[in-house]
Amino acid sequence: MKGTANKKTIAITIVAVIVLGLLALITAGDRALTWMESTIGVIVTPIQGFVFQVSDGIVDFFESLFNTTDADVENEQLKARIATLEQMLSDYEDTKAENERLKELLDFASTFENVEYVTGQVIGKGQSIWFDTITLNVGKNKGVDVNMPVIAAEGLVGRVTEVGATWCKVVSVIDSTVNISVMVERTRDIGVARGITTIGADDAQLELMYLPTGNDLVPGDKIITSGMGSDMPKAIPVGVVVEVLRAEEDVSKRNAIIEPYVDFLHLEEVMIIIGSGEAE
Amino acid sequence: MKKFWIVCCVVSCVVLDCAFFTNVNLYGICPDMTLILSVLLAIHMGGLQSGIITGILGLIIDLILNSVIGITSIAYFTAAIAAGACYKKYYAEYVFVPMAYVLIFEILKQHLLFLVSVLMGSTVNYFSALVEYILPCAIASGLMIVPAHLISRALLLEKGRTGGIQFSKRGEL
C-alpha cells in the first residue's frame, strides 16, 4: 500500500517537473500573457506594491542609522521631541522628492519629439542575479504593450516583456540576456550593448561589443541607443564608457565596459514610451 | 489553528522573498524563504501537500517577478517531495536534516537558473558564480532554517495529550 503511494508521488513529481519544465521553456522568450496570468497579476501586484514600499521604508530606516554626524544626532533628538511634526515633514519631503523625480522625468521626456508616454512606479524586482527584471504598476489599462522602451530621468531602463491588465514586467538593459543596438555619441560607431551578470558587486555594468575595427573609443564616451533593429527610439542615453578593451583582431570580443546612467538599485518611477520619438 | 499558522507562514515567507530580501541583501546573496517553507511544510504536512502549496507559490512569484516561469516552482515542488520522506519521522526533529535538504535544493535551484540564463545568452563565469553567489545563497538559506525550524516546530507540530511529542514504536512522530 505504501509502495503504491510512493509510486503515485513519484509519478506526480515527474509529471509536474515535465509540465513546469515545458512552461519554463515556453516562457523563456517574449510572449503574450494568458488571461489567467494577467488576472493573477491584477490580484497580486497591488499587495506586492504595498509590501515593496514598506520594505523600502525599512531600508531607509536602517540607512539612516548609519548617519552619525553631529547634525544627524541633533536631528534625531529633534525628531524625538517633535515626532508628529517630523512625520508631516517627512511626508512633505517624500512628496517633494517624488515631484522632483517626476519633473526630471518630464524634462527628460521633453527632449524627445512627438513622444507619448505613461509613468509607472516600480513595485517589484527580480529575485536572483541571473535575470534583471522589474515589475511596474501600469499595464494594458494605460496602453502599455510588449517591447515598449522604458526610461528613467537618467536614461534607458529596459523594455517591456510581459503585460497584464494593470501591471507589466520590464527586462532591464543590465540583464545579461538582453542585447541592444547602441551608438557611440562622439564617433557615431554602432555596436551592441549587453548586461554583465555582476557577482559580488552592487554596480551594474554593460559590455559593448561589435564596434568596427579601428574605433577610437575612449573612457568617458557617451553611449546612446542607435534606434536600429528594434522599437527602441534613437538617442536615449544608455551609459558612459569606463574601460576600453582593445580587441582589434576579433570584433566579436568585448570592446568596452559601460556604466549605465540609471541607478537600478534605487529605481522608483519610470516612463514607458508608448509612441516613438527621437531626441532633439 | 494549524491552518491559520500555515497561512501566516506562507504569507510571511512570500513577503520576505518578494519584497524584503530583494531590497535587503548582500550583493544579491539572500536566503530563499519559500524553499525553507517547502521543506518545513513537507516535514509537518507531507511532501505532496507542501509541494502543491509551494509549487503554486513558486509559479505566482515567477509570474510577477521573474523572467522565466516555472524554474523556482520546480525547485520548490521537488524539494517538498524529497523532504516528504521525513514526514512523521523522528529524525526530522534534528535541524540538520531540513538544513541538508535546503542546502541541496538551493544549490540545485541556482544551477537551474544559471543554466537557463546561459542558454538565453548570458556569459557568466561558472566557478565565480558558484563560489561568490550559489554557495553563499545556499549557506544563507541553510542558516535561516535554524530559526525557521524552531518557529515551525512551535506552531505546526502536532502534540499529544501530555503536551509532549508522541513517538510510535517504529520511531515515528
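Scoring rules and cut-offs
- Residues numbered from 1 in each chain as written.
- Chains lettered and ligands numbered in written order.
- Predicted model: local features only at pLDDT ≥ 70, side-chain atom pairs only at ≥ 80, totals over all residues.
- Helix = DSSP H or I, 4+ residues; strand = E, 2+ residues; numbered from the N terminus.
- Buried ≥ 20, exposed ≤ 12 C-beta atoms within 10 Å, placed from the backbone.
- Contact = placed C-beta atoms within 7 Å.
- Pairing = 2+ DSSP bridges.
- pLDDT = per-residue confidence, 0-100.
- Nonpolar A, V, L, I, M, F, W, Y, C, P; charged D, E, K, R; others polar.
- Expected span 1.5 Å × (residues − 1).
- Bend = angle between axes of the 7 residues up to and from the residue.
- Core = buried A, V, L, I, M, F, W, Y, C linked by C-beta atoms within 7 Å.
- Axes fitted to C-alpha atoms, helices over the stretch in contact; angles between N-to-C directions.
- Parallel < 35°, antiparallel > 145°, perpendicular 65-115°, else oblique.
- Left-handed = near helix turned anticlockwise from the far one by under 90°.

1. Section: the overall build of chain B
Stage number 1. Tallying secondary structure elements over chain B gives six helices and zero strands in all.
Stage number 2. Along chain B, helices (α) and strands (β) appear in the sequence α-α-α-α-α-α when read from the amino end.
Stage number 3. Across the 173 residues of chain B, 50% fall into the buried class.
Stage number 4. If you take every contact in chain B between residues at least 6 apart in sequence, the share linking residues at least 24 apart comes to 70%.

2. What about the pairing of strand E11 (residues 237-244) of chain A?
Residue and element names in this part refer to chain A.
Stage number 1. Two elements, strand E10 (residues 222-225) and E11, share three bridges in a ladder whose sense is antiparallel. Looking at the pairing, Ile223 lines up with Gly239 of E11.
Stage number 2. For E11 and strand E12 (residues 254-260), the ladder comprises five bridges, and the chain directions are antiparallel. Bridge assignment links Val241 to a residue of E12, and that residue is Ile258.

3. Regarding the confidence of the model for chain A
Stage number 1. With 78% of its residues at a pLDDT of 70 or more, chain A shows a mean pLDDT of 78.
Stage number 2. Highest mean pLDDT in chain A belongs to E10 of chain A (90); lowest belongs to strand E14 (residues 278-279) of chain A (50).

4. Points about the interface of chain A and chain B
Stage number 1. Taken together, the contact between chain A and chain B spans 40 residues of the former and 41 residues of the latter.
Stage number 2. Secondary-structure elements contributing two or more residues to the side of chain A that touches chain B are helix H1 (2-27), helix H2 (35-65), strand E2 (116-125) and strand E3 (133-136) of chain A.
Stage number 3. In terms of residue count, the dominant contributor to the side of chain A that touches chain B is H2 of chain A (eleven residues).
Stage number 4. Across the side of chain A that touches chain B, the residue classes break down as 18 nonpolar, 18 polar and four charged.

5. Here's the deal with helix H6 (residues 126-156) of chain B
Residue and element names in this part refer to chain B.
Stage number 1. Along its 31 residues, H6 runs just 39 Å from first to last C-alpha, ending more than 12% under the 45 Å computed at 1.5 Å per residue.
Stage number 2. Along H6, the helix axis deviates most sharply at Val146, where the bend reaches about 30°; the proline Pro147 sits within four residues downstream.
Stage number 3. Restricting attention to buried positions, one finds in H6 the residues Ala129, Tyr133, Ile134, Cys137, Ala138, Ser141, Gly142, Met144, Ile145, Ala148, His149 and Ser152.
Stage number 4. Close packing links the buried residues of H6 with helix H1 (2-23), helix H2 (33-45) and helix H5 (96-119).

6. Quick look at the nonpolar core
Stage number 1. Counting residues in each nonpolar core, the largest one holds 107 residues, and the members touching the most others are Ile272 of chain A together with Ile36 and Val39 of chain B.
Stage number 2. If we skip the residues at most four places from it in the chain, Ile272 of chain A touches Tyr117, Val118, Gly120, Val138, Val144, Met148, Val150 and Val160 of chain A.

7. Things to note about the sheet that holds strand E6 (residues 168-172) of chain A
Residues and elements named next belong to chain A.
Stage number 1. Judged by pairing direction, the barrel is antiparallel, and its six strands sit side by side in the order E2-E3-E6-E5-E4-E13 before closing back on the first. The mean angle between the axes of side-by-side strands here comes to 45°, regardless of whether they run parallel or antiparallel.
Stage number 2. Bridge count between E3 and E6: four bridges; the pairing is antiparallel. Bridged to Thr133 within E6 is Val171.

8. Let's talk about the packing of H1 of chain B against helix H3 (residues 47-65) of chain B
Residues and elements named next belong to chain B.
Stage number 1. Close contact between H1 and H3 brings their axes to 12 Å; oriented N to C, the two are set at 30°. One way to sum up the angle between H1 and H3 is to call them roughly parallel. The two elements H1 and H3 meet at a crossing, and its hand is right-handed. Mapping the contact onto sequence places Val10, Val14, Asp17 and Cys18 in H1 and Ile53, Leu57, Ile61 and Leu65 in H3.
Stage number 2. Of the residues contributing to the contact of H1 with H3, the split by class is seven nonpolar, no polar and one charged.

9. Considerations on the environment of Asn141 of chain A
All names here are of chain A.
Stage number 1. Among the structural elements, Asn141 can be located in the loop between E3 and strand E4 (149-151).
Stage number 2. Taking the C-alpha atoms as reference points, Asn141 and Ala165, 24 residues apart in sequence, are found 5.8 Å from one another.
Stage number 3. Setting aside its immediate chain neighbours within four residues, Asn141 contacts Ala165 and Thr166.

10. Let's talk about the sheet that holds strand E9 (residues 205-209) of chain A
Residues and elements named next belong to chain A.
Stage number 1. With antiparallel pairing, the six strands of this closed barrel are ordered in space as E7-E8-E9-E12-E11-E10. Going across the sheet, the axis of each strand differs from the next one's by a mean of 45°, ignoring polarity.
Stage number 2. Summarising the sheet, E9 and E12 pair through four bridges and their orientation is antiparallel. Bridge assignment links Leu206 to a residue of E12, and that residue is Ile258.

11. Quick notes on unusual backbone geometry
Comment: phi is negative for the bulk of residues other than glycine, and the bulk of peptide bonds are trans.
Stage number 1. The phi dihedral of Asn147 of chain A is positive, around 75°, even though this residue is not glycine.
Stage number 2. The phi torsion at Ala235 of chain A lies on the positive side, around 75°, for a residue other than glycine.

12. Notes on H2 of chain B
Residue and element names in this part refer to chain B.
Stage number 1. With 13 residues, H2 should cover 18 Å at 1.5 Å per step; its first-to-last C-alpha distance of 17 Å lies within 8% of that length.
Stage number 2. Judged by how many residues are buried, H2 sits mostly within the fold: twelve of 13 residues are covered.
Stage number 3. Within H2, burial applies to Met33, Thr34, Leu35, Ile36, Leu37, Ser38, Val39, Leu40, Leu41, Ala42, Ile43 and His44.
Stage number 4. The inward-facing, buried residues of H2 abut H1, H3, helix H4 (71-83), H5 and H6.
Stage number 5. In the segment just after H2, Gly46 is the residue with positive phi, at about 110°.

13. As for the pairing of strand E8 (residues 190-196) of chain A
All names here are of chain A.
Stage number 1. Counting buried residues in E8 gives five out of seven residues, a clear majority hidden from the surface.
Stage number 2. Sheet topology note: the strand E7 (residues 179-184)/E8 ladder contains five bridges and is antiparallel. Of the residues in E8, the one forming a bridge with Asn179 is Arg194.
Stage number 3. The hairpin formed by E7 and E8 contains five residues between the paired strands, and Arg188 there has a positive phi angle of roughly 65°.

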